[in-house]
Amino acid sequence: MIVFKPELTDLTSIVPVLPPKLLLYILKSKNYGVEYQPIVALDTLEVFAYEALSRFYDDKNNPIAPDQVYRALHHNPLSLFQVELAQKKLQLQHAPKNFKLFVNLDQDSYFAYGDDIAELSITTKELNPFIRLFLDHSDNEVIVELIENSEINDAKMSLNMIKLMASYNIRTAIDDVCNEQSMLSTAVLEQVNFIKFDRFVVLNKHNAKFLLLIKALVAYAEDTGKKTILEGVETDDDLAFAKALNIDYVQGFLFKPQFISRRSVGP
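Residues numbered from 1 in each chain as written. Predicted model: local features only at pLDDT ≥ 70, side-chain atom pairs only at ≥ 80, totals over all residues. Heavy atoms only, no water.

## Comments concerning helix α11 (residues 236-244)
Within the span of α11, buried status applies to Asp 238, Leu 239, Phe 241 and Ala 242. Considered in projection along α11, the buried side chains sweep an arc of 160 degrees and stay on one side of the axis. Exposed residues on α11 whose side chains face more than 90 degrees from its buried face are Asp 236, Asp 237 and Ala 244. Buried residues along α11 sit in contact with α9 (200-203), α10 (208-224), β10 (227-230) and β11 (249-250). (Buried < 20%, exposed > 50% of the residue type's maximum accessible area, 1.4 Å probe, protein only. Helix = DSSP H or I, 4+ residues; strand = E, 2+ residues; numbered from the N terminus. Arc of directions from axis to C-beta. Contact = heavy atoms within 4.5 Å.)

## Structural notes on the pattern of salt bridges
Counted according to the given criterion, the structure contains 11 salt bridges. Across the pair Asp 139 and Lys 97 runs a salt bridge, and its minimum N-O distance is 3.2 Å. Remark: Lys 97 occurs in the loop between α3 (77-93) and β5 (100-104) and Asp 139 occurs in the loop between α6 (129-136) and β6 (142-147); sequence separation between them is 42 residues. Two residues, Arg 199 and Glu 234, come together in a salt bridge whose shortest N-O distance is 3.3 Å. On the criterion of sequence distance, the pair formed by Arg 199 in the loop between β9 (194-197) and α9 and Glu 234 in the loop between β10 and α11 is long-range, its members being 35 residues apart. The partly exposed category is assigned to Arg 199, whose relative accessible area is 35%. In this structure Glu 234 comes out as partly exposed when scored by relative accessible area, which is 36%. Among the ionic contacts, a cluster of salt bridges with common partners joins Glu 51, Glu 145, Lys 196 and Glu 231. (Salt bridge = Lys/Arg side-chain N within 4 Å of Asp/Glu carboxyl O.)

## So, the pairing of strand β3 (residues 47-57)
Among the 11 residues that make up β3, 9 are buried, leaving the element largely enclosed by the rest of the structure. Pairing analysis gives 9 bridges linking strand β2 (residues 32-41) to β3, with the strands arranged antiparallel. The partner of Gly 33 across the bridge, within β3, is Arg 55. Between β2 and β3, which pair antiparallel in sequence order, lie 5 residues; one of them, Leu 45, sits at a positive phi of approximately 60 degrees. For β3 and β5, the ladder comprises 4 bridges, and the chain directions are parallel. Bridge pairing in β5 links Ala 52 to Val 103. In this structure, β3 lies alongside strand β4 (residues 63-64), joined through 2 bridges in antiparallel fashion. (Pairing = 2+ DSSP bridges.)

## Quick look at the environment of Lys 227
Along the chain, Lys 227 turns up in strand β10. Classification of Lys 227 as partly exposed rests on a relative accessible area of 36%. Residues Lys 227 and Asp 248, spaced 21 residues apart in sequence, show a C-alpha to C-alpha distance of 6.1 Å. Not counting residues within four places of it along the chain, the set of residues in contact with Lys 227 comprises Asn 193, Phe 194, Ile 195, Asp 248 and Tyr 249.

## Considerations on the nonpolar core
Counting 70 residues, the largest nonpolar core has Phe 134, Phe 197, Leu 230 and Val 250 as the members making the most contacts within it. Dropping the residues within four chain positions of it, Phe 134 is found in contact with Leu 92, Val 103, Leu 105, Val 142, Val 144, Met 165 and Ile 170. Residues Ala 49, Phe 194, Ile 229 and Tyr 249 belong to the second largest nonpolar core, which totals 10 residues. (Core = buried A, V, L, I, M, F, W, Y, C linked by side-chain atoms within 4.5 Å.)

## Focus: the packing of aromatic side chains
Overall, the coordinates contain 12 aromatic pairs when judged by the stated rule. Seen in terms of ring centroids, Phe 48 and Phe 194 are 6.3 Å apart; in terms of plane orientation they differ by 45 degrees. Their pairing is tilted. In this pair, Phe 48 sits in strand β3 while Phe 194 sits in strand β9, placing the two residues 146 residues apart along the sequence. Consider the rings of Phe 48 and Tyr 249, whose centres lie 4.1 Å apart with planes at 20 degrees: the pair is stacked. Of this pair, Phe 48 sits in strand β3 while Tyr 249 is found in strand β11, placing the two residues 201 residues apart along the sequence. By relative accessible area, Tyr 249 is classed as buried at 12%. Taken together, the ring pairs in this structure connect Phe 81, Tyr 110, Phe 111, Tyr 113 and Phe 130 into an aromatic cluster. A cation over a ring is seen here: Arg 263 above Tyr 57, with NZ or CZ 3.7 Å from the ring centre. (Phe/Tyr/Trp six-rings, centres within 6.5 Å; stacked < 30°, edge-to-face > 60°. Lys NZ or Arg CZ within 6 Å of the ring centre and 35° of its normal.)

Below you can see the structure in the form of structure tokens.
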């Protein structure tokens with residue numbers, strides 16, 4: 001495991017606790033939304049794909065931070081599974097057609113269905129609902145993003161998920177690579193098709209020692225046929241930085257005029 005942690009931060013101080021009444025409202029009302037952010041080819045600046053991001057709203061239609069919702073849901077795996085599946089259905093339903101579609105899939109929500117042994121999952125007659133949903137969707141190639149995390153068990157679950165997805169010809173990406181709060185599993189990195197670098201890379205573009213690591217990972221991707229995506233691109237300088245690194249695709253608020261939002265209220 002390669003670990004890059006310039007400093008330790010208490011994550012509980014970053015993500016506020018979601019009030020139980022608000023969580024209950026979200027579960028009952030299904031006041032959900034989705035935002036599609038373009039992933040842009042660096043050589044042509046044309047849209048290569050979209051990433052579908054979950055959105056949640058309170059009873060006054062004010063946005064609720066997705067991190068707060070998912071953190072609260074992790075205390076109830078069944079509710080996490082139900083919300084995540086409903087979000088994925090919404091994301092596929094409204095996705096811009098004929099583009100690749102990146103969807104985030106939480107490891108805990110996937111395995112909350114009970115699909116915890118990869119070898120048995122491949123041969124079982126009843127597919128995991130997430131895999132069935134992706135296989136039945138024909139308007140886009142669905143690429144599943146796995147979140148790089150700070151737990152060894154998360155890396156093991158990621159490897160199982162990648163194996164399962166590959167058995168159904170579903171490509172995968174690893175998200176948040178080089179986020180200051182995450183560990184990097186080399187085994188996971190070896191198996192995925194896309195490497196998504198966290199915005200932390202852009203914020204540290206003047207850190208010469210740190211960039212040695214990034215350049216090595218980009219070179220590894222090039223040598224192994226993987227594609228790289230840099231998140232957090234907000235300015236033309238960030239775009240030039242991505243080009244200097246030989247990144248394949250970029251994503252961020254520089255392309256905000258191309259963001260697409262959709263809503264779905266009610267069960």
